[in-house]
Amino acid sequence: GDAPARHEAVPAEEQQELAAAASRPAAPDVDDNDSDDEAHERLEAAAELAANIAGTCGAASPSKRLSAEQVISVKGNRITWLVELGSPPPEVFESPTFELGSYSGVRMKLYPCGADGCTLVLQGPPPRPDGLQAKLFAGKAWKQKSLKPWRDGEDMVEKFDVCMRRHFLLCGLVFQS
């Protein structure tokens, strides 16, 4: 007989849980009091569930790539980027471009730093809107960050201690202008 397939069909219950977690809206306005921890936790849970559905750590990445709409999500002043890591990961991951309000041409880059960390970089063309502030996140590294000014001519760079031995990593930013 044939050996059982490594990846079996995803149980309907898990499909429903993933769909429900992904469809819940994040808080439309975010202040520096981290009032949207619950929304972030739901997004993180959805990303972890997606990783579980895709397979276990160390397994080959799913061959079907995510669409741009699945990769970047814009809700109010919060941008989330679901990064499909793969094994071995490339030197750098680059997000599709997106807008922060009326400021366009913005992108994020993720640089894996071994198995236990990464550097997230926020880039955008000059001139930047006056008073633009942002805080970056990767994985669960959320609460300890606060809004910082994002000045013209500078990339925003943040290092995170996060397990990179997974299929997906949820990254992003909250901004205020």
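Residues numbered from 1 in each chain as written. Predicted model: local features only at pLDDT ≥ 70, side-chain atom pairs only at ≥ 80, totals over all residues. Heavy atoms only, no water.

Q: How should I be thinking about the overall build of the protein chain in this particular structure?
A: Along the protein chain, the regular secondary structure elements total 3 helices and 10 strands. When the helices and strands of the protein chain are listed from N to C terminus, the series reads α-α-α-β-β-β-β-β-β-β-β-β-β. Evaluated residue by residue, the protein chain yields a buried proportion of 42% over its 177 residues. Of all intrachain contacts in the protein chain linking residues separated by at least 6 positions in sequence, the fraction that spans at least 24 positions is 62%. Just so you have it, the protein chain exposes about 9700 Å², and 50% of that area is on carbon and sulfur atoms. (Helix = DSSP H or I, 4+ residues; strand = E, 2+ residues; numbered from the N terminus. Buried < 20%, exposed > 50% of the residue type's maximum accessible area, 1.4 Å probe, protein only. Contact = heavy atoms within 4.5 Å. Areas by Shrake-Rupley, 256 points an atom, 1.4 Å probe, with all protein chains shown as cover.)

Q: Teacher, can you tell me more about the pairing of strand β6 (residues 118–123) here?
A: Residues in a regular strand project their side chains so that they alternate between the two faces of the sheet. For β6, a buried count of 6 out of 6 residues is recorded, marking the element as mostly surrounded by other parts of the structure. Burial of β6 is two-sided: the residues C118, L120 and L122 facing one way and the residues T119, V121 and Q123 facing the other way are all buried. Both strand β5 (residues 103–112) and β6 contribute to a ladder of 6 bridges, which runs antiparallel. Along β6, the bridge assignment pairs R107 with Q123. Count of turn residues in the β5/β6 antiparallel hairpin: 5 residues, of which G114 carries a positive phi of about 75°. Inspection of the sheet shows β6 paired to strand β9 (residues 156–160) by 5 bridges, in the antiparallel sense. Each residue of the ladder has a partner; that of L122, found in β9, is M156. (Pairing = 2+ DSSP bridges.)

Q: Explain unusual backbone geometry here, please?
A: Most peptide bonds take the trans form, and the phi angle of most residues other than glycine is negative. In the segment running from S87 into P88, the intervening peptide bond is cis, with an omega of -10°. Inspection of the secondary structure puts P88 in the loop between β2 (78–84) and β3 (93–94). Backbone torsion omega between P126 and P127 reads -10°, so that peptide bond is classified as cis.

Q: Even after reading the chapter, I still don't get the confidence of the model for the protein chain, so can you show me in this structure?
A: Low-pLDDT stretches of the model should not have their predicted coordinates read in fine detail. Residues of the protein chain with pLDDT of at least 70 account for 58%, and the chain-wide mean is 74. pLDDT under 50 marks residues 2–35. Its contacts with residues more than four places away, or in other chains, come to 39 contacts. A low-confidence stretch, residues 51–63 (pLDDT under 50), is modelled with 23 contacts involving residues beyond four sequence positions or located in other chains. (pLDDT = per-residue confidence, 0-100.)

Q: Would you take a moment to explain the pairing of strand β1 (residues 72–75) for this structure?
A: Summarising the sheet, β1 and β2 pair through 4 bridges and their orientation is antiparallel. Residue I72 lies in a different strand from β2, and its bridge partner there is W81. Between β1 and β2, which pair antiparallel one after the other, the connecting turn spans 2 residues, and G76 there sits at a positive phi close to 60°.

Q: Looking at this structure, I do not really get the pattern of salt bridges. What am I missing?
A: Counted under the stated rule, the structure contains 4 salt bridges. A salt bridge links R107 to E94; the shortest N-O distance between them is 2.5 Å. Within this pair, whereas R107 is found in strand β5, its partner E94 is found in strand β3, the two being separated by 13 residues in sequence. The partly exposed category is assigned to R107, whose relative accessible area is 24%. Across the pair K148 and E158 runs a salt bridge, and its minimum N-O distance is 2.9 Å. Of the two residues, K148 is situated in strand β8 (residues 148–149) and E158 in strand β9; the sequence distance between them amounts to 10 residues. Taken together, the salt bridges that share partners define one network made up of E94, R107 and K109. (Salt bridge = Lys/Arg side-chain N within 4 Å of Asp/Glu carboxyl O.)

Q: Please explain a negative patch on the surface as it appears in this structure.
A: A grouping of D130, D152, E154 and D155 is seen on the molecular surface, where their side chains present a negatively charged patch. By the secondary structure assignment, D130 is in the loop between β6 and β7 (133–138). (Patch = residues over 30% accessible without salt bridge, like charges linked within 9 Å, V, L, I, M, F, W, Y side chains within 5 Å. Lys, Arg positive; Asp, Glu negative; His and termini not counted. Charge placed at Lys NZ, Arg CZ, Asp CG, Glu CD.)

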